[in-house]
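Architecture at a glance
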Amino acid sequence: MIRFALSCDDDHEFEGWFRSNDDFDSQLGRKLIGCPVCGSNLVHKALMAPNVSTSKTKEKITLVQGEAQRQALAELRSLTKKMKDGAENVGDSFAVEARKIHEGEAPARGIYGEATVQEARALVEDGIEFHAIPTLPDDLN
């Protein structure tokens, strides 16, 4: 994955992750990339400092984020916490447990966990509703 610093024509700065430079170009050409602040599809790559790992890296990343990005990330963290509160973490058994609940083989309750892309597709094809919970950057540290 490649991280690009991006900017819209209104000079809102944000970042995006892409499989490759070609992937970025393809998404940009199809107008799939939009500014999270104003929604503009007039986006371009911004000048980006090299990613050097130091003890101050986290401070640098925080400085690159604008207030709107920090606020959006805080809201996502809050929503993620609300979704997980009172729900059971079933780990990598999510698809199996969701199917059991759907078929009445397990008690109805809130659960969360992990599923492969294939497992998620099978759940969708079988009409089993679920929602993806984002893994946020600081959640991995």
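Residues numbered from 1 in each chain as written. Predicted model: local features only at pLDDT ≥ 70, side-chain atom pairs only at ≥ 80, totals over all residues. Heavy atoms only, no water.

1. As for the overall build of the protein
The helix and strand tally for the protein stands at five helices and five strands. When the helices and strands of the protein are listed from N to C terminus, the series reads β-β-α-β-α-α-β-α-β-α. Per-residue burial for the protein yields a buried fraction of 22% across its 141 residues. Put simply, of all contacts in the protein between residues at least 6 apart along the chain, 43% involve residues at least 24 apart. For the protein, the accessible surface area stands at approximately 10,300 Å², while carbon and sulfur atoms represent 53% of it. (Helix = DSSP H or I, 4+ residues; strand = E, 2+ residues; numbered from the N terminus. Buried < 20%, exposed > 50% of the residue type's maximum accessible area, 1.4 Å probe, protein only. Contact = heavy atoms within 4.5 Å. Areas by Shrake-Rupley, 256 points an atom, 1.4 Å probe, with all protein chains shown as cover.)

2. Observations concerning the state of the cysteines
Two cysteines joined by a covalent bond between their sulfur atoms form a disulfide. Evaluated as defined, the whole model comprises zero disulfides. With no disulfide of its own, Cys8 lies closest to Cys35 among cysteine sulfurs, the gap being 3.8 Å. On the accessibility criterion, Cys8 (0% relative accessible area) is buried. Cys38 provides the cysteine sulfur closest to Cys35, a residue in no disulfide bond, and the two sulfurs are 3.7 Å apart. (Disulfide = S-S within 2.5 Å.)

3. Notes on the sheet that holds strand 3 (residues 43–45)
Spatially, three strands are ordered 2-1-3 in an open sheet, and the strand pairing comes out antiparallel. Either end of the sheet is taken by a strand with one partner, and the two such strands are strand 2 (13–18) and strand 3. Neighbouring strand axes in the sheet, compared pairwise and without regard to direction, differ in orientation by 40° on average. Bridging between strand 1 (residues 2–8) and strand 2 involves six bridges; their strand directions are antiparallel. Residue pairing across strands places Phe4 opposite Gly16, the latter belonging to strand 2. (Pairing = 2+ DSSP bridges. Axes fitted to C-alpha atoms, helices over the stretch in contact; angles between N-to-C directions.)

4. With respect to the pairing of strand 2
Burial of strand 2 is one-sided: the residues Phe14, Gly16 and Phe18 facing one way are buried, the residues Glu13, Glu15 and Trp17 facing the other way are not. Connecting the antiparallel pair strand 1 and strand 2 is a turn made up of four residues, with Asp11 showing a positive phi of about 65°.

5. Let's talk about helix 4 (residues 94–102)
Considered for burial, the residues of helix 4 that qualify are Phe94, Ala95, Glu97, Ala98 and Ile101. Buried residues of helix 4 fall within an arc of 165° about the axis and therefore sit on the same side. Those residues of helix 4 hidden inside the fold are in contact with strand 4 (88–91), strand 5 (111–113) and helix 5 (117–125). Downstream of helix 4 by one or two residues, Gly104 has phi in the positive range, about 80°. (Arc of directions from axis to C-beta.)

6. Some points on the pattern of salt bridges
Applying the stated criterion across every chain yields a total of seven salt bridges. One salt bridge connects Arg70 with Glu67, and the closest N-O pair in it is separated by 3.3 Å. Pair noted here: Arg70 and Glu67 are both in helix 3 (residues 67–84), with a separation of three residues, about one helical turn. Its relative accessible area of 31% is what places Arg70 among the partly exposed residues. Of the charged contacts in the structure, one is a salt bridge between Arg99 and Asp126, with a shortest N-O distance of 2.6 Å. (Salt bridge = Lys/Arg side-chain N within 4 Å of Asp/Glu carboxyl O.)

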